[in-house]
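Breakdown of the fold
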Amino acid sequence: MNGINGPALAVFTALFLLVTVLGFFAGRWRRADLHQLDEWGLGGRRFGTIVTWFLLGGDLYTAYTFIAVPALVFGQGAIGFFAMPYTIIAYPFVFMVMPRMWSVSHRHGYITAADFVRGRFDSPALALAVAATGILATMPYIALQLVGIQVVLGAMGIQGSGWMAELPLVGAFVILAAYTYQSGLRAPALIAVVKDAIIYVTVLAAVMIIPAKLGGYSAIFAAVPPAKLLLTPPSAGTLGQFSAYATLAFGSALALFLYPHSMTGVLSSSGRGVIRRNSAMLPAYSFLLGLIALLGYMAVAAKVDKVPAFLGGFQQYGPNFAVPALFLHLFPSWFAGFAFAAIAIGALVPAAIMSIAAANLFTRNIYKEFLRPSCAGKEESTVAKVASLVVKFGALAFIVLVPQKYAIQLQLLGGVWILQTFPAVVVGLYTRRLHRWGLLAGWITGMTLGTWMARALSFKANVYPLAIGGLVIPGYTALWALLANFTVAIVVSAALNGAGVAQGKDATSAEDYGG
Amino acid sequence: MRRFWRWELLLIVPFVGTLWVPFYNALEPRIGGIPYFYWYQFLWVGISATLTAVVYFAIRGGDR
C-alpha cells in the first residue's frame, strides 16, 4: 500500500482510456438526434435481446457485486450471501410484472414509472412523489459505485491526504459525467459489452485460480469460523438472522426493478419478448454473483487483513478492501490492474445509467410537469443532461456525509426509499382499486417510517428488530416500511372510495397492458 | 382444471425454495467441500432459470 503500483496502474489506465474513447464514440452508434430525450435517454427504444442483456446485466454487475457483497461476507459471514436469493427471485418477478409495464409505456410513450403513475391515477402529486423517490434512492446507489472506484484506486496506491485524497475520485467522476452528457444511454450500452468481456475474464480467473492457490473450496470453508458459515437460528424470543436474511433478499428483489435505471433498461428494450427472454437468461449473472460473494471467504482464508502491506488499506476502507487486497495478494500486479479496471468500469457503467435515469425523471416529471410545461426537444434533453450532473453530486454528498463501514448499506438505504413506490407502480399495473390519495398517504407513511428506522440505525444498518408481542423479528427496514405503506393505502382507499371521492380519469385501458 | 392452472404459477416456486431459510441453513451434506447452505442456493439459480424458460415457451403463443 506504500507508493504507486506501476504495472497495475498502467494496465488499469490503458483499459480505462479505451472505454472512455468508446464512451465518446457511442454518440455515433445507431446515429440519431441526441437532442431528443427519447434518443439521449432511452437509446431510441431499439435495444434487442442482446443489448438489453448487457444493459440490464450492467445494473447488477456493479461495485455492489464486486466490492460490497464480498465485503459483507468477509466481515459478517453467511448473512452477506442474501444477495444470492435476492438475484434469483428478482427475475421471476420481472418476468411477470415488467412486460405489462413495457406494453402500457410503449402504448402511451411513457419513459419513466412516474409517467405511468401520472396517466394511470390522473395525479401529478402522486407522480411527483414517485419521481422524487426515484431520484433520492438513486443517489446512495451511485455513491456505492463511487466508493468501489475509490477503493480500487486506493489499492493501486492512488491516495493522498486532505483534499488530494478526493482527486482520483473527482477525475473518474468527471470522465463519467462528460461522456454521459455527450452520448446519453448509448455510451453505457456500448461500454457494457467491453466491460462484461473484461469482467468475465476477471471472474473466471478469480474463481479458478484463487481457490486453487488456497487449497480448494474445502480449505477455504474450513478456514472460516463455523459460526460464520451459517445464519444464527431462531432462539427464545427472536427469529435470529433467518428473518433478516429472507427479508433482505425479498425486499431487495422487489426493489430492484423499481429503480429508475432498471426501468430504463426495461423500457429501452424493443419488446415484451425481449424482457421475458432476458428474465430466463439473466440468472447467469446470479451464478457468478454467488461465486464472487465467496471471494469474501477466500479473503478470510488468505488472511489478507493480517498482511502488513494491506493494514493501511483496511484501516482506510474497512472490509470493502477485502477483494482488492485478495487480488493484490494472489495475482501478479498487471492482472490486479486488469481486475481493478473491471471493477472500476463495472462501477462507472451503472453509475452512468443511474444518473441518466434519474435525469429522465427530473426532466419529465418535475421540470416539465411543474416548472416549464412548454419545454420540449432540445431544451428537454439539455435539462436532463444538467440534471444527470446534479444527481452525481448528490451521490458524492452521500459519501461525504454518511461514511459507511459496509458499502452495501448504501444500496440497502436506496432500497428502503424506492420500495415505497411499489403500491403505486406495481400494484397500479394490475388494479386501480387503491385510491390516488390513499396511495399518497401510504407513500408518506412508508417514507417517514423507513427514514425514521434508518435514522434510528444511524443510516449504517438496515435490519430493524421489530418487536411484536414477545417476539423480536429482525427484518429489512424497507419491508417494514412497505407493510405500513400498504396498510395505510388500503385503509385510506377504502374510506375514500366508500365516501365516493373522485378517482380521477384513467388514461390507460385494460388492453394497453397486453396479455 | 384449465381455469385454475396458469403456467405463471410455476414462478412462485423459486420464492418458496430460496426464502424459507430452514430448508437450507445447514453445513452437511457438503459437495466438493462446499457446505449445503451454499450449493443449495447455487442450485436454485439453475432451477429458477429453467422454470422461467419453461413458462416462457409455454405462454409464448399469447405474447406478441
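Residue numbers here run from 1 along each chain, matching the order of that chain's written sequence. For naming, the first written chain is A and the first written ligand is 1, with later ones following in the order written. pLDDT decides what is reported in this predicted model: residues at 70 or higher carry local features, side-chain atom pairs at 80 or more are listed and counted, and totals for whole chains, interfaces and linings draw on all residues regardless.

1. Focus: the interface of chain B and chain A
Interfaces are often sized by the amount of accessible area the parts lose when they come together. Remark: residues whose backbone-derived C-beta atoms lie within 7 Å of one another are considered to be in contact. On the side of chain A, 34 residues touch chain B, which itself brings 26 residues to the contact. A helix here means a DSSP run of H or I that spans at least four residues, while a strand means a run of E at least two residues long, and both kinds are numbered starting from the N terminus. Of all the secondary structure elements, the ones that give two or more residues to the side of chain B that touches chain A are α1 (13–19) and α2 (36–59) of chain B. With eleven residues, α2(B) is the largest single contributor of residues to the side of chain B that touches chain A. Think of it as three bins: nonpolar holds Ala, Val, Leu, Ile, Met, Phe, Trp, Tyr, Cys and Pro, charged holds Asp, Glu, Lys and Arg, and polar takes everything else, Gly as well. Its residues placed into classes, the side of chain B that touches chain A shows 16 nonpolar, eight polar and two charged.

2. Digging into the environment of Val472(A)
Residue and element names in this part refer to chain A. Positionally, valine 472 belongs in strand β2 (residues 471–476). With 16 C-beta atoms counted inside 10 Å, the residue valine 472 sits in the partly exposed group. Residues valine 472 and phenylalanine 314, 158 residues apart in the sequence, show an inter-C-alpha distance of 34 Å. Those residues within four positions of valine 472 in sequence are excluded, and the remaining contacts are Gly237, Thr238, Pro465 and Ala467. Counting other C-beta atoms within 10 Å of a residue's own tells you its class, since 20 or more makes it buried, 12 or fewer makes it exposed, and anything in between is partly exposed; those C-beta atoms are placed from the backbone.

3. Observations regarding the environment of Pro14(B)
Within the fold, Pro14(B) resides in helix α1. Considering only alpha carbons, one finds Pro14(B) and Trp44(B), 30 residues apart in sequence, at a separation of 7.1 Å. With sequence-adjacent residues up to four places away left out, Pro14(B) is seen in contact with Ile88(A), Ile89(A), Pro92(A), Trp44(B), Ile47(B), Ser48(B) and Leu51(B).

4. Remarks on the packing of helix α1 (residues 6–25) of chain A against helix α9 (residues 186–213) of chain A
All names here are of chain A. Geometry is summarised by axes, namely lines fitted to C-alpha atoms with helices restricted to the contacting stretch, and by angles between N-to-C directions that run from 0 to 180 degrees. Look at α1 against α9: their axes get within 9 Å of each other, and the N-to-C directions meet at 155°. The angle between the axes of α1 and α9 places the two elements in the roughly antiparallel class. By crossing handedness, the relation of α1 to α9 is classed as right-handed. Mapping the contact onto sequence places Leu15, Val19, Leu22 and Gly23 in α1 and Ala187, Leu190, Ile191, Val194 and Ile198 in α9. Among the residues making up the contact of α1 with α9, the classes are represented as eight nonpolar, one polar and no charged. Orientation is classified from the angle alone, with under 35 degrees giving roughly parallel, over 145 giving roughly antiparallel, 65 to 115 giving roughly perpendicular, and any other angle giving oblique. In this scheme the handedness of a crossing depends on how the near helix is turned from the far one: anticlockwise by less than a right angle means left-handed, clockwise means right-handed.

5. A short note on the packing of helix α7 (residues 124–155) of chain A against helix α21 (residues 408–418) of chain A
Two quantities define a packed helix pair, namely the angle between the helix axes and the distance between the axes. Residues and elements named next belong to chain A. Two elements in contact, α7 and α21, have axes separated by 7 Å at closest approach and are oriented at 170°. With respect to each other, α7 and α21 are oriented roughly antiparallel. Contacts from Thr133, Gly134, Leu136, Ala137, Thr138, Pro140, Tyr141, Ala143 and Leu144 of α7 reach α21 at Leu410, Gln411, Leu413, Gly414, Trp417 and Ile418. Of the residues in the contact of α7 with α21, the class split is ten nonpolar, five polar and no charged.

6. A look at the pairing of strand β1 (residues 463–468) of chain A
Residue and element names in this part refer to chain A. When DSSP finds two or more bridges between two strands, those strands count as paired. Alignment of β1 against β2, held across six bridges, turns out to be antiparallel. Opposite leucine 466, over in β2, you have isoleucine 473 as the bridge partner. Hairpin geometry of β1 and β2 is characterised by an intervening segment of two residues between the two adjacent antiparallel strands and by a positive phi of about 60° at glycine 469.

7. Brief notes about helix α6 (residues 113–121) of chain A
For the α-helix, the turn length of 3.6 residues means that residues three or four positions removed from each other point alike. Residues and elements named next belong to chain A. Of all nine residues in α6, nine are buried; the element is thus mostly enclosed. All buried positions along α6 are accounted for by Ala113, Ala114, Asp115, Phe116, Val117, Arg118, Gly119, Arg120 and Phe121. On the buried face of α6, the contacting elements are α5 (83–108), α7, α13 (260–267), α19 (333–371), α22 (422–430) and α23 (436–456).

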